[in-house]
Amino acid sequence: MGAEVSTAETEEVHAHDDDHHHELPFWKKYVFSTDHKIIGYQYAITALIFLFVGFYLMMVMRWSIAHPDKELPGILAAFLNKSWLNDQGMVTGDLYNMFGAMHGTIMVFLGIVPLAFGAFGNFVTPLQIGAPDMAFPRLNMASYWFYFLGGVVMLASFMLPSGAAEAGWTMYSPLATTAQLDEPNLWWTGQTFWLFGMVFLISSSLLGAVNFITTIINLRCRGMTWMRMPFFVWAMLVTGFLLLLAFPPLEVAAIMQIMDRLAGASFFIPTGLNFSGAGSVDAGLLDVAGGGSPLLYQHLFWFLAHPEVYVLILPAIAIVGEILPNNIRRPVWGYKSMVYAVMVLGFLAFIVWAHHMYITGMGNVVSTFFQATTVIISIPSVILLTCLFISLWGGSIRFTVPMLWALAFLPMFGIGGLTGLPLAFNLIDLHLHDTYYVIAHFHYVVAPGTIFGLFAGIYYWFPKATGRMMNNTLGHLHFWPSLIAMNGIFMPMFVQGMAGFHRRWYDGGANYDEITSRIIFDEGSFFANLFKDGQAIEMIDLNVFMTFFVWVLCIAQFPFIFNFFYSIFKGRKADSDNPWRATTLEWSAPNKPPHGNFVTEPVAYRGPYEYSVKGHATDYTPQFERGDDGVILGEEDPPAAAQNDGH
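Heads up: these notes are all about the structure in this document. One numbering rule holds for all chains: residues counted from 1, following each sequence as written. It should be noted that, the model being predicted, local features are given only for residues of pLDDT at least 70 and side-chain atom pairs only at 80 or more, the latter also being counted only at that level, while totals for whole chains, interfaces and linings use all residues. Hydrogen atoms and water are omitted, and side-chain values are computed over all heavy atoms in the structure.

A look at the overall build of the chain
- Here a strand is any run of E in DSSP of at least two residues, a helix any run of H or I of at least four, and the numbering for each starts at the N terminus. Summing up its helical and strand segments, the chain has 20 helices and four strands in all.
- Counting the 647 residues in the chain, one finds 57% classified as buried.
- Contacts in the chain between residues at least 24 apart in sequence constitute 79% of all its contacts with a sequence separation of at least 6.
- In the structure as shown, the chain presents an accessible area of about 27,500 Å², 65% of it carried by carbon and sulfur atoms. Residue burial is assigned from relative accessible area. The probe radius is 1.4 Å, only protein chains are included, and a residue is buried under 20% of its type maximum, exposed over 50%, and partly exposed in between. Here, residues are in contact when the closest pair of their heavy atoms is within 4.5 Å. Per-residue and other accessible areas follow the Shrake-Rupley method at a 1.4 Å probe size, with only the shown protein chains counted as cover for residues.

Laid out in structure tokens, this is it:
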């Protein structure tokens, strides 16, 4: 009997092994995959496509701002429904509103967050902690497909008779609730599709957040104690908590707004709301119960949207925090300070949301609280930047392509952060709130800020993902024009904003008072001679200047697109599994890591950034390299250390 049981068990084991090694069909391996690396690729490709869609919408808007009296060029108009343009082929206010709402939505929720958290987080995090996969692989797959479905719903809204949503990416009620109310079928409108799309996207983020938190806490390899985790992993952990706690309020708000639109509820519709109807809806008071609070929606939205800013920026800071020590060949300065700062940043992110709502007329006591917390939250941000800047001091800097993007990130994010400080004070914010100053501030954080960090990460981890290197020359052709163009686009917006230029003029302020829209320069100065009027420049002229650099930025992305896809198949093969001579654990895995990631069991013997350690034969000491005497830097043997840490 015992022999029979043993034989049965052996057959079961062999059957399991056969199933494990059985080659999966293409659709299950690459489409409905549960492998964290494939899901990371899916997030990356999908998010990059959405980023270019959002960029196209911005190009149409910038043309309208710079040339409101000119026909939209054929290269831009080719992708549009011609009924959206006026009889002369020019952009209308309705089209501008639609593209403005969808540009913000696509760039933030379908582009940057999925690329930063979904793509980099999925690919890098398990490798850096020595995990074979995410804690919940099928949940991971579901997270991507919820995101994909949300993106499809958002894009499909452009095909509807009503067009896409047009009430701004914030979708303030009651404007958003009553928008497109004259359509015969409210289910079949862009506003409604936007709300359903957001429900899918937020559900995706919640599934991903649970997965990341569980993975980082429970699946660290032997020796990977908390303070041996790379800073990137810490940032992903904090970002996961931000998503988990901040996104549910907006999902609830979206569902409540759906009920207001489709079921006659009045969560956000006040009593006595007057509607200028059209078509099948008569003008006059809306026939609803009323009693709702439009300000409630703003609170729910911004309780998400300010933590969302740190969801955007923390992965980029984390990527830069990995690339800098590798390219200065010395440890990152103040590692523990950065870890504590990012945790404090995550906490404070939840108590500053209402500084977006000063214009609603909040009382002095409440506004004072949010002014104070907004100023305080700048402290951990400054700590992070300071640590990265000080790390450069005395380093042997290698100006690789990833390093160029990482270095450019630092001053760009610094400009975005510093220009946000005046907006912390309600007296100043009341004047600047609806001007281009806010656009410039926010975009310096997320465009030449976050996106530069994401480009750095693409160039840095590309050889680990593909086994090939991206072309350096094309990388430089991508970087330098992008750096110049980003500043050419957004820096003049600070000037326009302080001159009072409204950020929602589709004609770029064509009727703005010329007397108050000039900067006067000293006679004979460089700037006086530079501009056409000798001593003055009109604010509206800056629209053309900025739009020129939008085209430069567009052209600068073509070297990247070609480089990315060409290098996947034809790029120079990486000379090893660790081509950057890096120290973190992911570089111990083979390039194009197999299922399970590692050939041998990964063990973390030391901290993540041990570069230029005295007495070592090389200028880097990887986490996965065991010391000659078996004792690492005077610490315990890794298995014992892991046991002490609860593993």
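So much for the structure itself; the text now carries on.
What about the pattern of salt bridges?
- Each salt bridge in this description consists of a side-chain nitrogen of Lys or Arg and a carboxyl oxygen of Asp or Glu lying within 4 Å of one another. Across all of its chains, the model carries seven salt bridges by this definition.
- Here R581 ties to D575 by a salt bridge, and the two come within 3.5 Å at their closest N and O atoms.
- Given a relative accessible area of 30%, R581 falls into the partly exposed group.
- For the salt bridge of R606 with E610, the shortest nitrogen-to-oxygen distance reads 3.4 Å.
- Here the residues in one salt-bridge network are D434, R503 and R504, joined through shared partners.

Thoughts on the environment of A465
- The topology assignment puts A465 in helix α16 (residues 436-466).
- A residue is classified by how much of its surface remains accessible, and A465, at 17% relative accessible area, is buried.
- Setting aside residues up to four positions removed in sequence, A465 forms contacts with Y41, F123 and K592.

Things to note about a nonpolar patch on the surface
- Judged by side-chain polarity, F26, W27, Y30 and F32 come together as a nonpolar surface patch covering roughly 480 Å² of accessible area.
- Position of W27 relative to the elements: it lies in helix α2 (residues 26-31). A residue counts toward a patch only above 30% relative accessible area and without a salt bridge, and it is joined to like-charged neighbours within 9 Å or, for Val, Leu, Ile, Met, Phe, Trp and Tyr, to nonpolar neighbours within 5 Å.

Let's talk about the packing of aromatic side chains
- Aromatic contacts are taken between Phe, Tyr and Trp rings whose centres are within 6.5 Å, Trp giving its six-membered ring; a plane angle under 30 degrees counts as stacked, one over 60 as edge-to-face, and the others as tilted. Counted by the stated rule, this structure contains 56 aromatic pairs.
- When the ring of F146 is compared with that of F200, the centres are 6.3 Å apart and the planes differ by 35 degrees; the resulting orientation is tilted. Here the residue F146 occupies a position in helix α6 (residues 137-156), and F200 occupies one in helix α8 (residues 190-218), the gap between them amounting to 54 residues.
- Both rings, one in W405 and one in F452, keep their centres 4.9 Å apart while their planes meet at 85 degrees; by these two values the pair is edge-to-face. On the criterion of sequence distance, the pair formed by W405 in helix α14 (residues 401-420) and F452 in helix α16 is long-range, its members being 47 residues apart.
- With relative accessibility at 0%, the residue F452 sits in the buried group.
- Within the aromatic cluster, the residues linked to one another by ring pairs are W405, F452, F455, Y459, F462, F479, W480, F560, F564 and F565.
- Directly above the aromatic system of W226 lies the positively charged group of R220, at a separation of 4.0 Å from the ring centroid. By the criterion adopted, a ring carries a charge over it if an Arg CZ or a Lys NZ lies within 6 Å of its centre and within 35 degrees of its normal.

A few points about helix α9 (residues 231-262)
- To estimate how far a helix should extend, the number of its residues minus one is multiplied by 1.5 Å. Between its first and last C-alpha, α9 extends 46 Å over 32 residues, near the 46 Å set by a 1.5 Å rise per residue.
- Two axes enter the bend calculation: one fitted to the seven residues ending at the residue in question, the other to the seven starting there, and the bend is the angle between them. The largest bend along α9 measures about 30 degrees and falls at F247, with the proline P248 one to four residues further on.
- Within α9, 24 of the 32 residues are buried, which leaves the element mostly enclosed by the surrounding structure.
- G264 sits one or two residues past α9 and shows a positive phi near 75 degrees.

What to know about the environment of V113
- On the secondary structure map, V113 appears in helix α5 (residues 93-128).
- Each C-alpha atom of the pair V113 and Y43 lies 9.8 Å from the other, and the pair is 70 residues apart in sequence.

Details of helix α3 (residues 36-66)
- Helix length check: α3, at 31 residues, gives a terminal C-alpha distance of 44 Å against a target of 45 Å (1.5 Å per residue), a fit within 8%.
- The element α3 is largely enclosed, with a buried count of 26 among its 31 residues.
- Contacts described as polar in this section are N or O atom pairs within 3.5 Å, which, within protein, must combine one atom able to donate a hydrogen with one able to accept it, while residues neighboring in sequence count only if both atoms come from side chains. By the N-cap criterion, in which a side-chain oxygen at the helix start approaches the backbone nitrogen of a residue two or three places on, α3 is capped by D35, the distance to K37 being 2.9 Å.

Comments concerning the side chain of T46
- Among the structural elements, T46 can be located in helix α3.
- Look past the residues within four positions of T46 in its chain and what remains in contact with it is Y144, Y147 and F148.

Some points on unusual backbone geometry
- Across the junction of S173 and P174, the peptide omega takes the value 10 degrees, indicating a cis bond.
- Counting through the fold element by element, P174 comes out in the loop between α6 and α7 (175-178).
- With a phi close to 55 degrees, R581 is a non-glycine residue in the positive phi region.
- Even without being glycine, S612 reaches a positive phi, approximately 55 degrees.
- Examined against the element boundaries, S612 turns out to sit in the loop between α19 (541-570) and α20 (638-644).
- Since its relative accessible area comes to 41%, S612 is described here as partly exposed.

Just geometry here; none of it tells us what the structure is for.
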